[in-house]
Amino acid sequence: MSEIKTLSEFIVERQGEFPGATGDLSQLLTAFRLAAKIVSREANKAGLLADILGAAGNENVQGEQQQKLDVYANDLFIRMMRTQGAVCAVASEENDDIVHFDNGGKYVVTMDPLDGSSNIDVNVSIGTIFSIYPRVSTGPKATLEDFLQPGSKQIAAGYIVYGSSTMLVYSTGHGVNGFTLDSSIGTFCLSHPQMTTPAEGTIYSVNEGNYLDFSDGVRSYIDDCKKKRMSARYIGSLVADFHRNLLKGGIYMYPGTAKAPNGKLRLLYEANPLAMLVEQAGGTATDGTRRILDLKPTELHQRCPLYIGSKNMVAAATKS
Ligand code: P6P
């Protein structure tokens, strides 16, 4: 029977990769691990408990303010980071402005606490996406400058996919490793060591309902995928589509259109973290012309087109 390595053991073991590591990053990843278990528990019973589904603003059976699961997840991750102490501020999809912790922490975090949350009601996989950056400002509290760093400055990135099983996949710049939650013992165990994505794949993921709005180049690439009899796989949940393509090979595209030239996805907490992961796994990510990790953000919630996955497929789509 192969050795079982828990996420905790792995984090401690790999801390040695960072000379002078103080353990802050390790503790932060540990905080994410705990939050992931709790969100997984809530997501798995969402269909059973009316008080975690649906739109916020309604009252649940106890007459309490009903919470959407993504609001719940956002509050939970923020609470975990606030108490953990290594993070001084967070930018979240759920918050218009930066959330400051005023604790002198040396990191800032960007996150999408529950991407694809509209899929909860129909029992489709959802996910959490996060990025960790070193703070660069020097004043009493973090500033926008800390969050507008190019994705290449990330020191860690990861996602949690709440699917048929719950997995936490992350990188600190030394490869990508995946951990599956064994809910019988409440522990994430290393299940996908040193993940790499094939250079070529036979899966393309795009919302073809927007086909007529895409550029000629994008339409031509999609047509080519069809001619090659590739498999169209798109479940409307970025983390789930990305995770499948990472393992099997494939491309996920959310192109811009004339109506929405920057597409729908967010640079800071969707494109950048997944771009770090895919590059660490041997894939690539562009906005259709430029490397995602080279983009210099100008605002917290800015959108960008995204072409991400197997490097040969992204190259072909980017050239198209
Ligand atoms: P569309 C979910 O809202 C999300 O951000 C991603 O998870 C998903 O891939 C995409 O948007 C789906 O968007 O426009 O195709 O429904």
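Chemist: Where do I start with the nonpolar core in this structure?
Modeler: Core analysis: the largest hydrophobic core is formed by 42 residues, its most contacted members being Phe77, Met81, Val109, Ile132 and Tyr170. The element that contributes the greatest number of residues to this core is helix α2 (residues 24-45), accounting for 10 residues.

Chemist: Where do I start with the sheet that holds strand β4 (residues 126-134) in this structure?
Modeler: Hydrogen bonds between backbone atoms are what pair the strands of a sheet, whose relative direction is either parallel or antiparallel. Taken in spatial order, the eight strands make up an open sheet running β2-β1-β3-β4-β5-β6-β7-β8, and their pairing is mixed. Lying at the two open borders of the sheet, with one neighbouring strand each, are β2 (99-100) and β8 (187-192). Across the face of the sheet, helix α3 (residues 69-84) comes into contact with β1 (87-92), β2, β3 (107-115), β4 and β5 (156-162) while running at roughly 160° to β3. Each of β1, β3, β4, β5 and β6 (166-171) is contacted by helix α7 (residues 267-280), which is oriented at about 80° to β4, the strand it contacts most.

Chemist: What's the story with helix α6 (residues 238-248) in this structure? I'm lost.
Modeler: The element α6 is largely enclosed, with a buried count of nine among its 11 residues. Within the span of α6, buried status applies to Leu238, Val239, Ala240, Asp241, Phe242, His243, Arg244, Asn245 and Leu246. One or two positions beyond α6, positive phi appears at Gly249, with a value near 95°.

Chemist: Even after reading the chapter, I still don't get the domain arrangement of the protein chain, so can you show me in this structure?
Modeler: Many descriptions give the size of an interface as the accessible area lost when the pieces come together. Domain annotation of the protein chain identifies domain 1 (7-192) and domain 2 (203-318). Computed from C-alpha atoms alone, the centre-to-centre distance between domain 1 and domain 2 is 23 Å. Contact residues are listed per partner, giving 46 residues for domain 1 and 31 residues for domain 2. In this assembly, domain 1 packs against domain 2 so that about 2,700 Å² is buried in total across both faces, 66% of it on carbon and sulfur atoms.

Chemist: Which parts of the structure should I look at to understand the site of the ligand?
Modeler: The full set of residues close to the ligand is Asp115, Gly116, Asn207, Tyr234, Gly236, Ser237, Leu238, Tyr252, Tyr254, Lys264, Leu265 and Glu270. Asn207 is positioned with one of its side-chain polar atoms (N or O) 2.9 Å from an oxygen atom of the ligand. Tyr234 places a side-chain nitrogen or oxygen 2.6 Å from an oxygen atom of the ligand. Bound to the protein, the ligand loses 78% of the 400 Å² it would expose on its own. Classifying every residue of the shell around the ligand by side-chain character gives five nonpolar, four polar and three charged.

Chemist: Where do I start with the packing of aromatic side chains in this structure?
Modeler: Any two aromatic rings considered together are summarised by their centre-to-centre distance and by the angle between their planes. Enumeration over the complete set of coordinates arrives at seven aromatic pairs. Judged by centre distance (5.6 Å) and plane angle (40°), the rings of Phe32 and Phe77 are tilted. Linking Phe32 in helix α2 with Phe77 in helix α3, this pair joins segments that are 45 residues apart in sequence. According to the relative accessible area criterion, Phe77 is buried, its value standing at 1%. Measuring from centroid to centroid gives 6.0 Å for Tyr170 and Phe179, while their planes differ by 20°, and the two rings are stacked.

Chemist: Quick question: what am I supposed to make of the pairing of β5 here?
Modeler: Look at any regular strand and the pattern is simple: side chains alternate between the two faces of the sheet. With seven of seven residues buried, β5 is to be regarded as a mostly interior element. Of the two faces of β5, both are covered, the one formed by Ala156, Gly158, Ile160 and Tyr162 as well as the one formed by Ala157, Tyr159 and Val161. The pairing of β4 with β5 spans seven bridges and is antiparallel. The partner of Ile129 across the bridge, within β5, is Tyr159. Of the strand pairs in this sheet, β5 and β6 are connected by six bridges, and their pairing is antiparallel. For Tyr162, the partnering residue across the bridge sits in β6 and is Thr166. In this structure, the hairpin formed by β5 and β6 is closed by a connection of three residues.

Rules used throughout
- Residues numbered from 1 in each chain as written.
- Predicted model: local features only at pLDDT ≥ 70, side-chain atom pairs only at ≥ 80, totals over all residues.
- Heavy atoms only, no water.
- Core = buried A, V, L, I, M, F, W, Y, C linked by side-chain atoms within 4.5 Å.
- Buried < 20%, exposed > 50% of the residue type's maximum accessible area, 1.4 Å probe, protein only.
- Helix = DSSP H or I, 4+ residues; strand = E, 2+ residues; numbered from the N terminus.
- Pairing = 2+ DSSP bridges.
- Contact = heavy atoms within 4.5 Å.
- Axes fitted to C-alpha atoms, helices over the stretch in contact; angles between N-to-C directions.
- Domains from an automatic or database assignment.
- Buried area = accessible area lost by both parts, 1.4 Å probe.
- Near = heavy atom within 4 Å.
- Polar contact = N/O pair within 3.5 Å; in protein donor to acceptor, adjacent residues only side chain to side chain.
- Areas by Shrake-Rupley, 256 points an atom, 1.4 Å probe, with all protein chains shown as cover.
- Nonpolar A, V, L, I, M, F, W, Y, C, P; charged D, E, K, R; others polar.
- Phe/Tyr/Trp six-rings, centres within 6.5 Å; stacked < 30°, edge-to-face > 60°.

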